Amino acid sequence: MKLLVVLSALVALCAGSATPVVPDDNSHYVEGESRYIWMPDGEGVPHLVDLQEPANQAFLRNRNGANNQYWLYTRLNPTDPQVIVHGDADTISSSNYVASSPLMVLVHGWNGDGNSTMNPTITDALLAVSDANVIVVDWSALASSLYSTASAGVPSVGQYLGNFLVWLINTAGGDWDNVHLVGHSLGAHAVAVAGRMAGGLATRVTGLDPAGPLWRGNDDAISSNAGTYVECIHTDGGILGLFNPSGDADFYPNGGRNPQPGCLISTCSHSRSHQLFASTVRYNHLNGSLCDDINQAQINQCSGATFKMGNSDLSKQGNGIYGLTTGASWPF
Ligand SMILES: *[C@@H]1O[C@H](CO)[C@@H](O)[C@H](O)[C@H]1NC(C)=O
Ligand SMILES: *[C@@H]1O[C@H](CO)[C@@H](O)[C@H](O)[C@H]1NC(C)=O
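Here goes a summary of the coordinates provided. (Residues numbered from 1 in each chain as written. Chains lettered and ligands numbered in written order. Predicted model: local features only at pLDDT ≥ 70, side-chain atom pairs only at ≥ 80, totals over all residues. Heavy atoms only, no water.)

1. What to know about the sheet that holds strand β8 (residues 204-208)
Hydrogen bonds between backbone atoms are what pair the strands of a sheet, whose relative direction is either parallel or antiparallel.
At step 1: Spatially, the eleven strands line up as an open sheet ordered β4-β3-β6-β5-β7-β8-β9-β10-β13-β11-β12, and their pairing is mixed. Each edge of the sheet is formed by a strand with only one pairing partner; in this case those strands are β4 (77-84) and β12 (306-308). On average, adjacent strands in this sheet sit at an angle of 25° to one another, irrespective of strand direction.
At step 2: Relative to strand β6 (residues 133-138), strand β5 (residues 103-107) runs parallel, the two being bridged by five bridges. In the sheet register, Met104 faces β6, and the bridge partner there is Val134. (Pairing = 2+ DSSP bridges. Helix = DSSP H or I, 4+ residues; strand = E, 2+ residues; numbered from the N terminus. Axes fitted to C-alpha atoms, helices over the stretch in contact; angles between N-to-C directions.)

2. Some details on the state of the cysteines
In protein chemistry, a disulfide is the covalent bond that joins the sulfur atoms of two cysteines.
At step 1: For the structure on display, the rule yields two disulfides.
At step 2: The disulfide partner of Cys263 is Cys268, and the gap between their sulfur atoms is 2.0 Å. On the sign convention where negative is left-handed, the bridge of Cys263 and Cys268, at about -70° about the S-S bond, is left-handed.
At step 3: Cys291 shares a disulfide with Cys302; S-S distance 2.1 Å. Its torsion about the S-S bond being 95°, the disulfide of Cys291 and Cys302 is classed as right-handed. Of this pair, Cys291 sits in the loop between β11 (287-290) and α9 (294-298) while Cys302 sits in the loop between α9 and β12, placing them eleven residues apart in sequence. (Disulfide = S-S within 2.5 Å.)

Here is the structure:
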């Protein structure tokens, strides 16, 4: 009897915590149970993450939102960023920032930086269609740490970002009705914290496959109070991303889960969210259809009223769960 108990405990332990050996393969992953997960860095390269590794509190005292860097891109400097320093108004006045133009803010995820692929891809798309200020947030000083540490530091990254944006608009001018915050993975939760820090005034907040591990039921996670209109695009729901609706409108391309068309693995599906978003900024071509419920979204059988996914429309408003089918490669 004793032996049986020990044996079954051992089996349970192994099922939950066995080290997955095939890089990139998250097929073992059970949300809320599995200890290990393969997670992509800013270039999509998979790293094995131990979700039970405690956050490094000593590291968090030195690396947090205070290390955020803010890189401004405009049509006058589409590839060479101008660094805006919080508290130094000269860095704004000597930059190409235009107070009356749209302000889009991009925040990368774990193990990324300001140069991570999503940033130039979305920046290029936005500047092609809009004479905007694009601020890329580089929080690599913290994002490059253990996932558990980076994740625990996300609220700080968001708070500093929120305070920075309030300072920027108070100092140099700007209009919250022109502000669109966009974050991928952990970055989606960071922009949500920033949005709430700014009183929910940003007209749009977009979460691109908001990070799932350590974020289910987390009070700092993205939610509809982060801005006037909050949209989430779910592409690896239940693994690297949250599957539950988390905004005013939630889009579930191709069922919202892995594998997305053209992807075999969840790291690819997770990154697909920012590629889809960049594509809709350029072409605004992906129509969602309203779903009766999340189950209908998951089987991609939604057929209600249509609503565009993504795009850069600052007056966008809506709510509900939407499904759609996309292509397997750009522009999807
Ligand atoms: C980003 O890219 C630029 C240009 O290649 C380089 O100078 C800079 O050091 C990079 N920054 C980071 C954080 O990787
Ligand atoms: C999306 O909807 C627009 C109308 O809003 C329509 O013109 C277009 O053909 C639709 N696109 C697709 C791929 O169905």
